Amino acid sequence: MKPSVLFVCVHNAGRSQMAAGFLTALSQGRVEVLSAGSEPKDQINPVAIAAMAEEGIDIAGNVPKILTTEAVKQSDVVITMGCGDACPIFPGKRYEDWKLDDPAGQGIESVRPIRDEIKACIQALLAEILPVEA
């Protein structure tokens, strides 16, 4: 069975979208990937789109989504990124809070290190949730 990971940040326009993009690409379809925001914006941060494009990952077609209880219920792992107490808590779920700077309003030079930190977190997460294939 595929593990399911939900990324949550306030606007679902930067950090959570970059994390979802990396997990989708690096898991090669072996993980169900969801992202949402407690107060979603109307579009993805264009600087986040540009930073991910440098990595060969296209998140331009993504749309910010509102966080729902159903999304949390269907996820095995819930990773928050600065959304505070907006996420409902359900027993049996794995919760992590990644302390990452918000790329909103920042230029590409400031967003690249955030992107790279997210990639490192995703690689560590993948090593934990996916068994090594023989």
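Small disclaimer: the values here were computed from a predicted structure and weren't measured.

Criteria and thresholds
Residues numbered from 1 in each chain as written. Predicted model: local features only at pLDDT ≥ 70, side-chain atom pairs only at ≥ 80, totals over all residues. Heavy atoms only, no water. Helix = DSSP H or I, 4+ residues; strand = E, 2+ residues; numbered from the N terminus. Buried < 20%, exposed > 50% of the residue type's maximum accessible area, 1.4 Å probe, protein only. Core = buried A, V, L, I, M, F, W, Y, C linked by side-chain atoms within 4.5 Å. Axes fitted to C-alpha atoms, helices over the stretch in contact; angles between N-to-C directions. Parallel < 35°, antiparallel > 145°, perpendicular 65-115°, else oblique. Left-handed = near helix turned anticlockwise from the far one by under 90°. Contact = heavy atoms within 4.5 Å. Arc of directions from axis to C-beta. Polar contact = N/O pair within 3.5 Å; in protein donor to acceptor, adjacent residues only side chain to side chain. Pairing = 2+ DSSP bridges.

**Observations regarding unusual backbone geometry**
Here is step 1 of the chain: Positioned with a positive phi, N12 is a non-glycine residue whose angle comes to about 50°.
Here is step 2 of the chain: Secondary-structure assignment places N12 in the loop between strand 1 (4-9) and helix 1 (15-27).
Here is step 3 of the chain: The exposure class of N12 is buried, given its relative accessible area of 0%.
Here is step 4 of the chain: Unusually for a residue other than glycine, Q28 sits at a positive phi of about 50°.
Here is step 5 of the chain: Assignment of secondary structure puts Q28 in the loop between helix 1 and strand 2 (32-37).

**Re the nonpolar core**
Here is step 1 of the chain: Membership of the largest hydrophobic core comes to 29 residues, with the highest contact counts inside it found for V5, F7 and I122.
Here is step 2 of the chain: Per-element tally for this core: the top contributor is helix 4 (residues 108-129), with seven residues.
Here is step 3 of the chain: Among the nonpolar cores identified, the runner-up in size contains seven residues, and V8, L67, A71 and V78 belong to it.

**Some words on the packing of helix 1 against helix 4**
Here is step 1 of the chain: Across the interface, helix 1 lies against helix 4 with an axial gap of 9 Å and an inter-helix angle of 45°. It follows that helix 1 is oblique to helix 4 by the angle criterion. At the point where helix 1 passes helix 4, the crossing takes the right-handed sense. Between helix 1, through R15, M18, A19, F22, L23, L26 and S27, and helix 4, the contact on the second element is made entirely by V111, I114, R115, I118, K119, I122, Q123 and L126.

**Regarding helix 2 (residues 46-53)**
Here is step 1 of the chain: For helix 2, the set of buried residues is A48, I49, A51 and M52. End-on, the buried residues of helix 2 take up no more than an arc of 165°, which puts them together on one face. Facing away from the buried side of helix 2 by more than 90 degrees, the exposed set consists of P46 and A53.
Here is step 2 of the chain: Residues of helix 2 that are buried make contact with helix 1 and helix 4.
Here is step 3 of the chain: The N-capping residue of helix 2, defined by a side-chain oxygen 2.8 Å from the backbone nitrogen of V47, is N45.

**Quick word on the sheet that holds strand 1**
Here is step 1 of the chain: Pairing within the open sheet is parallel, and its four strands lie in the order 2-1-3-4. Of all strands in the sheet, those bounded by a partner on one side alone are strand 2 and strand 4 (94-97). Adjacent strand axes in the sheet meet at a mean angle of 20° when their direction is disregarded.
Here is step 2 of the chain: Against the sheet, helix 1 touches strand 1, strand 2 and strand 3 (77-81), its axis set at about 160° to strand 1.
Here is step 3 of the chain: Strand contacts of helix 4: strand 1, strand 3 and strand 4, with the helix running at about 165° to strand 4, the strand carrying the most contacts.

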